[in-house]
Amino acid sequence: QVQLVESGGGLVQAGGSLKISCAASGIIVSINTMGWYRQAPGKQRELVASITSTGITNYLDSVKGRFTISRDNAKKTVYLQMNSLKPEDTAVYYCNADGIISWSRRINDLWGQGTQVTVSP
C-alpha cells in the first residue's frame, strides 16, 4: 500500500519558521512530481509549491522568496521550508504526489491527510 505521511505542522508566531515533511511509503519505484497544497477556511485549495523528479520547482506568487521546496528521492520525501510566516499562511497543508510508479500499479494522484499550520499574530 502506498501512502503519504506528513509531519512538522504546528503553531508558530508571525515571522517565524517551520519545516514540514512528507514521506512516501510502500513499494515505490519512482515519483514524478511532488507538491504542497494548502486550504484555508472559506477558500479554495491552492498549489503552494511543486517539484519534479529532476528538480524543477514552481511556487505560488505569495510565497516566493519565503518558502523553499525540496526533495530527497532516496528517502522518497518532499520538504517545505517556510520562513517569514504570516497569519495568512494559516491553513491545512496537504502533500500531493503525481505519477507514482509502484511494483503493481501506477498512481496518478495521491494525497496526504493534511497537517495544520497556524501562524499567530
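Here is a short report on the structure shown in this document. Given the structure is predicted, the values throughout are model-derived calculations rather than measurements.

**Focus: the overall build of the chain**
- Secondary structure assignment for the chain yields zero helices and twelve strands.
- Each helix (α) and strand (β) of the chain, taken in turn from the N terminus, gives the series β-β-β-β-β-β-β-β-β-β-β-β.
- Relative to its length of 121 residues, the chain is compact, with a C-alpha radius of gyration of 14 Å against a globular reference of 14 Å.
- The dimensions of the chain, computed from C-alpha atoms along their principal axes, are 45 × 25 × 25 Å.
- For the chain, the proportion of its 121 residues judged to be buried stands at 42%.
- Residue pairs at least 24 apart in sequence account for 55% of intrachain contacts in the chain once pairs closer than 6 positions are excluded.
- Carbon and sulfur atoms make up 49% of the accessible area of the chain, which amounts to about 6,500 Å² in all.

**Concerning the environment of alanine 14**
- Residue placement: alanine 14 occurs in the loop between β2 (10-13) and β3 (18-25).
- Judged by relative accessible area, which is 34%, alanine 14 ranks as partly exposed.
- Leaving out residues up to four positions away in the same chain, alanine 14 has contacts with Leu85, Pro87, Val119, Ser120 and Pro121.

**Looking at the packing of aromatic side chains**
- Overall, the coordinates contain one aromatic pair when judged by the stated rule.
- Positioned over the ring face of tyrosine 94 is arginine 45, at 3.8 Å from the centre of the ring.
- The ring of tryptophan 111 is capped by arginine 45, whose NZ or CZ atom sits 4.8 Å from the centre of that ring.

**As for the pattern of salt bridges**
- Applying the stated criterion to the full structure yields four salt bridges.
- Salt-bridge contacts for arginine 38 lead to glutamate 46; the nearest nitrogen and oxygen are separated by 2.9 Å.
- Accessibility expressed as a relative area gives 30% for glutamate 46, which makes it partly exposed.
- For aspartate 89, the salt bridge is made with arginine 38, and the minimal N-O distance between the two is 3.0 Å. Here arginine 38 lies in strand β4 (residues 28-39) and aspartate 89 lies in the loop between β8 (77-82) and β9 (91-102), a separation of 51 residues in the sequence. Each member of the pair aspartate 89 and arginine 38 is classed as buried.
- Members of the salt-bridge network, linked through shared partners, are Arg38, Glu46, Arg66 and Asp89.

Quick notes on the rules
Residues numbered from 1 in each chain as written. Predicted model: local features only at pLDDT ≥ 70, side-chain atom pairs only at ≥ 80, totals over all residues. Heavy atoms only, no water. Helix = DSSP H or I, 4+ residues; strand = E, 2+ residues; numbered from the N terminus. Rg over C-alpha atoms; globule rule 2.2 N^0.38 Å. Buried < 20%, exposed > 50% of the residue type's maximum accessible area, 1.4 Å probe, protein only. Contact = heavy atoms within 4.5 Å. Areas by Shrake-Rupley, 256 points an atom, 1.4 Å probe, with all protein chains shown as cover. Phe/Tyr/Trp six-rings, centres within 6.5 Å; stacked < 30°, edge-to-face > 60°. Lys NZ or Arg CZ within 6 Å of the ring centre and 35° of its normal. Salt bridge = Lys/Arg side-chain N within 4 Å of Asp/Glu carboxyl O.

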